[in-house]
Amino acid sequence: MTIANPLHILGISGSLRRASYNTALLRAAVELMPPGMTLEVFDLAPLPMFNQDAERPFPKPVAEFRARVAQADALLIATPEYNSSISGVLKNAIDWASRPPQQPLKGKPVAIMGASTGNFGTVRAQLHLRQILTHVGALPLGKPEVLVARAEQAFDSAGNLTDATARGLLQELLVALGKWIALVAPPGGPRPM
Ligand SMILES: Cc1cc2nc3c(=O)[nH]c(=O)nc-3n(C[C@H](O)[C@H](O)[C@H](O)COP(=O)(O)O)c2cc1C
């Protein structure tokens, strides 16, 4: 069966590290995407540091990122945990996407996940991320929580997510995201808020 208009999800990783577990988590999500949904991973590396003097016009990579966020039916964010919060890379991207005129994060459904080598699997970073997303008017999905702790044991040396529990939770998250989009921001419906 082919689906005429699949839901389009934009995935971003808050880590620029070549062997990032969070970027690997996004690759696993591509693999586990339910029917009727597609995931495109957007690389945050080209985004410059936010500067309020550089908003008119936005730098080219920023304009591109903002347009991709605006076009997506939802975001899927893989966040690392740096010193009990999100990375500067991720905060920087959110700051750029939060700005007027279009404020593309406003009313945007967002699913959150994260992997860390620590014992708590980014739980503190995810709480901060929810707070930030709520402030910018995005609509973060509540559950399931995908917290991949001790990431070096959950992925193999090639960066494949091998932990069965984490794979199951990730699959549940993606299905829940599809339902969340239908509930809060169905394609073609009014833009919430
Ligand atoms: C600056 C810095 C701070 C970190 N702070 C935390 C932390 O607070 N909690 C945690 O679980 N891991 C922490 N870590 C370890 C990261 O979980 C680990 O480096 C992880 O691999 C980063 O994600 P990535 O693989 O996607 O790059 C920190 C790492 C760095 C570089």
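Residues numbered from 1 in each chain as written. Predicted model: local features only at pLDDT ≥ 70, side-chain atom pairs only at ≥ 80, totals over all residues. Heavy atoms only, no water.

Next up on the list: helix 1 (residues 21–32). In a regular helix each residue adds 1.5 Å, so 12 residues correspond to 16 Å; helix 1 covers 16 Å between its end C-alpha atoms and thus fits that length. If you check which residues of helix 1 are buried, you get N22, A24, L25, L26, A28, A29 and L32. Against strand 1 (7–13), strand 2 (37–42), strand 3 (74–78), strand 4 (109–115), strand 6 (146–148) and helix 6 (164–184) lie the buried residues of helix 1. For helix 1, the N-terminal capping position is held by S20, with its side-chain oxygen 3.0 Å away from the main-chain nitrogen of N22. (Helix = DSSP H or I, 4+ residues; strand = E, 2+ residues; numbered from the N terminus. Expected span 1.5 Å × (residues − 1). Buried < 20%, exposed > 50% of the residue type's maximum accessible area, 1.4 Å probe, protein only. Contact = heavy atoms within 4.5 Å. Polar contact = N/O pair within 3.5 Å; in protein donor to acceptor, adjacent residues only side chain to side chain.)

Take the nonpolar core next. Residues I9, L76, M113, F155 and L170 are the most contacted members of the largest nonpolar core, which totals 31 residues. At 7 residues, the largest contribution of residues to this core is made by helix 6. Residues within four places of M113 in sequence aside, it is in contact with L25, L26, A29, L76, I77, A78, T79, Q126, V146, L170 and L173. Counting 27 residues, the second-largest nonpolar core is a separate cluster that includes F58, F65, V69 and I132. (Core = buried A, V, L, I, M, F, W, Y, C linked by side-chain atoms within 4.5 Å.)

Our focus in this paragraph is the site of the ligand. Taken together, 14 residues are adjacent to the ligand, and S15, R17, S20, N22 and E81 come closest. Burial of the ligand by the surrounding chains reaches 72%, relative to a free accessible area of 610 Å². In terms of residue class, the shell around the ligand is built from 3 nonpolar, 8 polar and 3 charged. (Near = heavy atom within 4 Å. Areas by Shrake-Rupley, 256 points an atom, 1.4 Å probe, with all protein chains shown as cover. Nonpolar A, V, L, I, M, F, W, Y, C, P; charged D, E, K, R; others polar.)

A few words now on the packing of helix 1 against helix 6. For the pair helix 1 and helix 6, the least separation of the axes is 10 Å and the interaxial angle reads 65 degrees. One way to sum up the angle between helix 1 and helix 6 is to call them roughly perpendicular. Read as a crossing pair, helix 1 and helix 6 show a hand that is right-handed. Within the contact between the two elements, helix 1 uses L25, A28, A29, E31 and L32 and helix 6 uses R167, L170, Q171 and L174. (Axes fitted to C-alpha atoms, helices over the stretch in contact; angles between N-to-C directions. Parallel < 35°, antiparallel > 145°, perpendicular 65-115°, else oblique. Left-handed = near helix turned anticlockwise from the far one by under 90°.)

Turning next to the side chain of S85. Inspection of the secondary structure assignment puts S85 in the loop between strand 3 and helix 3 (88–97). Within the local environment of S85, its side chain forms a polar contact with the side chain of H128, the two groups lying 2.8 Å apart. Every residue in contact with S85, bar those within four places of it in the chain, is listed here: P80, A125 and H128.

Quick look at the pairing of strand 4 now. Among the 7 residues that make up strand 4, 7 are buried, leaving the element largely enclosed by the rest of the structure. Covered by surrounding structure in strand 4 are P109, A111, M113 and A115 together with V110, I112 and G114, the residues of both alternating faces. In this view, the connection linking strand 3 to its parallel neighbour strand 4 by way of helix 3 has right-handed handedness. Pairing between strand 4 and strand 5 (residues 139–140): 2 bridges, direction parallel. Looking at the pairing, P109 lines up with L139 of strand 5. In terms of strand pairing, strand 4 meets strand 6 through 3 bridges, oriented parallel. When the bridges of strand 6 are listed, M113 appears paired with V146. (Right-handed = clockwise from strand over helix to strand, strands pointing away. Pairing = 2+ DSSP bridges.)

A word on the environment of K106. On the secondary structure map, K106 appears in the loop between helix 3 and strand 4. On the basis of relative accessibility, which here comes to 34%, the residue K106 falls in the partly exposed class.

This part takes up unusual backbone geometry. A negative phi holds for most residues other than glycine; trans holds for most peptide bonds. A cis geometry characterises the amide bond from R56 onward to P57, with omega recorded as 0 degrees. By the element assignment, P57 lies in the loop between strand 2 and helix 2 (60–71). Cis geometry marks the peptide bond from P100 to P101; its omega dihedral reads 10 degrees. Looking at the secondary structure, you find P101 in the loop between helix 3 and strand 4. In this structure, T122 takes a positive phi of about 75 degrees despite not being glycine. We classify T122 as buried; its relative accessible area is 0%.

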